Amino acid sequence: MGGMSALPQPDRTEIEISTVLNALADPVRLKIVRALAERTEGISCGTLDLGVGASTLTHHVRTLREAGVVEVTPKGTSRISTLRRADLDALFPGLLDGVLAARR
């Protein structure tokens, strides 16, 4: 049995502002992004207590990954999510800082 394969994620050049904004508009996804912003080493999103089921959490992480907001990397039996801050800051300066600074 091999390890988990890498998940498809957009290149920096493929990330679109409308998709990013749509992904960030959901309160659960915003909580995920805020948690990742505090943990630069990344986290297994299954460890987050967001009050949603595992399949719902998977859906939200997939939406963020497909939008280019997070990168998901297999590590052993887990998948570690990290915020694509460098890509987002390069493409949309100030967007992430503004989103993270907004009132909760």
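One can find the structure itself at the top, above this paragraph.
Residues numbered from 1 in each chain as written. Predicted model: local features only at pLDDT ≥ 70, side-chain atom pairs only at ≥ 80, totals over all residues. Heavy atoms only, no water.

So, the layout of surface pockets
For step 1, the next point in the chain: Considered as a void within the structure, the largest pocket measures approximately 260 Å³ in volume.
For step 2, the next point in the chain: Lining the largest pocket are Leu-7, Cys-45, Gly-46, Ala-54, Leu-57, Thr-58, Val-61, Arg-62, Arg-65, Val-72, Arg-79 and Ser-81.
For step 3, the next point in the chain: Counting only elements with at least two residues in the lining of the largest pocket, the list comes to helix H3 (54-67) and strand E3 (78-83).
For step 4, the next point in the chain: Ranked by residues supplied to the lining of the largest pocket, first place goes to H3 with 6 residues.
For step 5, the next point in the chain: For the lining of the largest pocket, a count of residues per class yields 6 nonpolar, 3 polar and 3 charged. (1 Å grid on protein atoms, 1.4 Å probe; cavity = no way out; pocket = protein on both sides within 12 Å on 5 of 7 lines; lining within 4 Å. Points joined across faces, edges and corners; volume = space filled by probe spheres on them. Helix = DSSP H or I, 4+ residues; strand = E, 2+ residues; numbered from the N terminus. Nonpolar A, V, L, I, M, F, W, Y, C, P; charged D, E, K, R; others polar.)

Here's the deal with helix H1 (residues 17-24)
Three- or four-residue spacings in an α-helix give side chains the same orientation, since the helix completes a turn every 3.6 residues.
For step 1, the next point in the chain: Restricting attention to buried positions, one finds in H1 the residues Val-20, Ala-23 and Leu-24. Buried residues of H1, seen end-on, are gathered within an arc of 95 degrees and therefore sit on one face of the element. (Buried < 20%, exposed > 50% of the residue type's maximum accessible area, 1.4 Å probe, protein only. Arc of directions from axis to C-beta.)

What about the packing of helix H2 (residues 27-38) against H3?
For step 1, the next point in the chain: Packing of H2 against H3 leaves a shortest axis separation of 10 Å and a crossing angle of 70 degrees. Viewed along their axes, H2 and H3 adopt a mutual orientation that is roughly perpendicular. Facing Val-28, Arg-29, Ile-32 and Val-33 of H2, the residues of H3 in contact are Leu-57, His-59, His-60, Val-61, Thr-63 and Leu-64.
For step 2, the next point in the chain: Of the residues that constitute the contact of H2 with H3, the class distribution is 6 nonpolar, 3 polar and 1 charged. (Axes fitted to C-alpha atoms, helices over the stretch in contact; angles between N-to-C directions. Parallel < 35°, antiparallel > 145°, perpendicular 65-115°, else oblique. Contact = heavy atoms within 4.5 Å.)

Concerning the pattern of salt bridges
For step 1, the next point in the chain: One pass over the structure, following the stated rule, counts 5 salt bridges.
For step 2, the next point in the chain: Close ionic contact of Arg-39 with Glu-41 constitutes a salt bridge, the shortest N to O distance being 3.3 Å.
For step 3, the next point in the chain: On the basis of relative accessibility, which here comes to 39%, the residue Arg-39 falls in the partly exposed class.
For step 4, the next point in the chain: By relative accessible area, Glu-41 is classed as exposed at 54%.
For step 5, the next point in the chain: One continuous salt-bridge network, built from bridges that share partners, spans Arg-12, Arg-84 and Asp-87. (Salt bridge = Lys/Arg side-chain N within 4 Å of Asp/Glu carboxyl O.)

Topic: the side chain of Asp-26
For step 1, the next point in the chain: Tracing the sequence through the fold places Asp-26 in the loop between H1 and H2.
For step 2, the next point in the chain: Looking at Asp-26, its side chain comes within polar contact range of the main-chain nitrogen of Arg-29, at 3.2 Å. (Polar contact = N/O pair within 3.5 Å; in protein donor to acceptor, adjacent residues only side chain to side chain.)

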